[in-house]
Amino acid sequence: MKALIVDDEARVRKAVRLLVDWEAHQIDEILEAGNGNEAIEVIRAQKPALVIMDMMMESGNGIELMTWVNEFAGNTKFIVVSGHNDFEFVRQTVRHGGIDYILKPIEADAINTAVSKAVAAWRSEEEERSRRQQQSIRLNEIKPIYGERLLSALIDDPVTSETSLRRLVAENVIPGNAGSSRLILVQTDAGNNQLLKRFGGDSELLYYAIVNICNEFLQPRKKGIAFRYWGGPPEIAILLWDVQEPVLELISRINQGIFRTLQFRMHFGISSAGSLPGQLARQRSEALDALMRRNLLRHEDYCHFASSAGEHSRAEQAADGSRAIFAHVQEDWRMAVISGNTEALSAAAQHWIDELSRGGVVTPEMLGSWKADALLFRSRLVREALGGEADSALAELELADRHNPAPYANGYSFSLFAWRDWSFALMQRLSQELSVRQIKERNPLTEIVKYIEQNYQSDLSLQEVAGRFYVSREYVSRKFKQEYGINFSDYIGSVRINKAKLLLQNPNLKLSQISEMVGFHDVKYFSKVFKKQVGSSPKDYRTQIPL
């Protein structure tokens, strides 16, 4: 909580600072002003909960300051400290809602009692304001849903659209003479963490705020209405029924209002005019298409109109061209990933961005296509390099994608550098995954372990296995000790006993049969090894298996 001391004498301001027990009143910031005019600027900027002020000052006297506070900062509580025992001053203090009028010299008890009353009054009013605000938000969140459902139905449900329109006309949401319309989509970006933080991470509250700002410009003029569209992903729609309205001027005013409140400007996809409600579905597709095909390199453009047939065809050709251009960087990517060289990976990522922006047009649609091409390239390269291991490698890479997502293609802001960094990280992870798995594949121990798993029933000797894989006996023995902490023969024994444990679950197999099946030709020796490893005999182990 903040407090402001206003007096043209520094010694008086110092005395107030010393006399008030600020900590006891939970006031953690004390501001000062030397006159009423200076105090007004501080109040505007800092919004203190409490003002302790003198009545007589050279510039901007106390009555002027009280009048201003009462009119423009009604939540602020104030206490007057004065050297004049004047009834008119006291009367003015009471009339303007002052908490107390204290005479100089100031007594500690008097001023602390007044501060306590002021703080208690401010807290009580603040709690009431918060309660009413929350109640208002809840009511206003529930109340519009019915209307928003009807407005969404105009777009989505051609069977009931005429009925929905009649209801909206009957409830004075849409005027009865509205025969044509234009639909506008306001781009939303649920991934904008900076903006979401202001709303406590609540995206619904963010959408509610944007809708309210839009309606502040639409409702007084009865030209249209903004609402949450409920027929798909989170969208905010604006329905204009006065198609003669200069739409660029209107959206500029709305966007300026959004910027003043949220410090962000939004992008708007604008449809052509059409009959109401019959062509709203087409208009939504047009508006969505306008947003997806906006040129992200033109940061200053916020209004995006639906393309004409010729422009639409050219845009489709540009999008098709963007997919073909990926072939220009594919070999660079392949060589960089295989090399694992950081400079090569960085150069390949930059080449991708250069190709992407070469034509002077980058759209969200193009980015989506290029991202899909990049992931398809990754999948193909993994399958070529790893064969049967590809699925598990791709699963690992896709898990990493969740923690390192691509920049949002249709976000509030766009950065080629962010996409370059994403592609570099994507290739780097791919290169590391291939390198690790290929090294593992080239490790003779991996192949030896596979061979043991497939031939554990046979009489496997250290000499035989070493010779089969063209390595020394010492190498095999050392590797088993390093990797598994046991020698070669003990490893084979553990594999055989694990297989035996599975076979013991079959009550129809005799111990002698199981012993032979897992590579032990002497059932007594099998039982001895089993008990040593498991802690119980095969017979006892079998009795413990639940039926």
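This text gives an overview of the structure that appears in the document. (Residues numbered from 1 in each chain as written. Predicted model: local features only at pLDDT ≥ 70, side-chain atom pairs only at ≥ 80, totals over all residues. Heavy atoms only, no water.)

### Focus on the nonpolar core
The biggest cluster of nonpolar side chains holds 34 residues, and the ones touching the most others in it are Phe326, Trp333, Trp352, Leu367, Val382, Trp419 and Leu430. Only helix 11 (309-339), helix 12 (342-357), helix 13 (364-386), helix 14 (390-403) and helix 15 (416-442) provide two or more residues apiece to this core. In terms of residue count, the dominant contributor to this core is helix 13 (eight residues). In contact with Phe326, other than residues within four places in its own chain, are Trp333, Trp352, Trp370, Asp373, Ala374 and Phe377. Grouped together as the second largest cluster of nonpolar side chains are 29 residues, Leu445, Phe480, Ile492 and Ile497 included. (Core = buried A, V, L, I, M, F, W, Y, C linked by side-chain atoms within 4.5 Å. Buried < 20%, exposed > 50% of the residue type's maximum accessible area, 1.4 Å probe, protein only. Helix = DSSP H or I, 4+ residues; strand = E, 2+ residues; numbered from the N terminus. Contact = heavy atoms within 4.5 Å.)

### Thoughts on the packing of helix 2 (residues 36-46) against helix 3 (residues 62-72)
Interhelical geometry of helix 2 versus helix 3 gives an angle of 20° and a closest axis separation of 9 Å. Compared by their axis directions, helix 2 and helix 3 come out roughly parallel. Pair helix 2 / helix 3 crosses with right-handed handedness. Side by side, helix 2 and helix 3 meet where Gly36, Ala39, Ile40, Ile43 and Arg44 of the first sit next to Leu65, Trp68 and Val69 of the second. A breakdown of the residues in the contact of helix 2 with helix 3 according to their chemical character gives six nonpolar, one polar and one charged. (Axes fitted to C-alpha atoms, helices over the stretch in contact; angles between N-to-C directions. Parallel < 35°, antiparallel > 145°, perpendicular 65-115°, else oblique. Left-handed = near helix turned anticlockwise from the far one by under 90°. Nonpolar A, V, L, I, M, F, W, Y, C, P; charged D, E, K, R; others polar.)

### Focus: unusual backbone geometry
The residue after Lys104, namely Pro105, is reached through a cis peptide bond having omega 0°. With respect to the helices, strands and loops of the structure, Pro105 is situated in the loop between strand 5 (100-103) and helix 5 (108-156). The peptide bond linking Leu276 to Pro277 adopts the cis configuration, its omega dihedral lying at 5°. In this structure, Lys47 takes a positive phi of about 50° despite not being glycine. Position of Lys47 among the secondary structure elements: in the loop between helix 2 and strand 3 (50-53). For Lys47, a relative accessible area of 63% puts it in the exposed group. The phi angle at Asn172 is positive, at roughly 60°, despite the residue not being glycine.

### Considerations on helix 1 (residues 10-19)
Listed in full, the buried residues belonging to helix 1 are Val12, Arg13 and Val16. End-on, the buried residues of helix 1 take up no more than an arc of 100°, which puts them together on one face. Opposite the buried face of helix 1, at more than 90 degrees from it, the exposed residues are Ala10, Arg11, Lys14 and Leu18. (Arc of directions from axis to C-beta.)

### A word on the environment of Ser275
Residue position: Ser275 is located in strand 10 (residues 274-275). Separated by 13 residues in sequence, Ser275 and Leu288 place their C-alpha atoms 18 Å apart. What Ser275 contacts, discounting residues up to four positions off in sequence, is Gly179, Ser180, Ser181 and Leu280.

### Some details on the packing of aromatic side chains
Applying the stated criterion to the full structure yields 14 aromatic pairs. Taken together, a centroid distance of 5.5 Å and an interplanar angle of 45° make the contact between Phe520 and Phe526 tilted. For Phe520, a relative accessible area of 6% gives the class buried. Take Phe526: its relative accessible area is 0%, and that puts it in the buried class. An aromatic cluster is present here, built from Trp333, Trp352, Trp370, Phe377, Trp419 and Trp422 joined pairwise through their rings. One Lys or Arg, Arg265, reaches over the ring of Phe259 and ends 4.0 Å from the middle of that ring. Sitting above the plane of the Phe520 ring, Arg496 keeps its charged end 5.7 Å from the centroid. (Phe/Tyr/Trp six-rings, centres within 6.5 Å; stacked < 30°, edge-to-face > 60°. Lys NZ or Arg CZ within 6 Å of the ring centre and 35° of its normal.)

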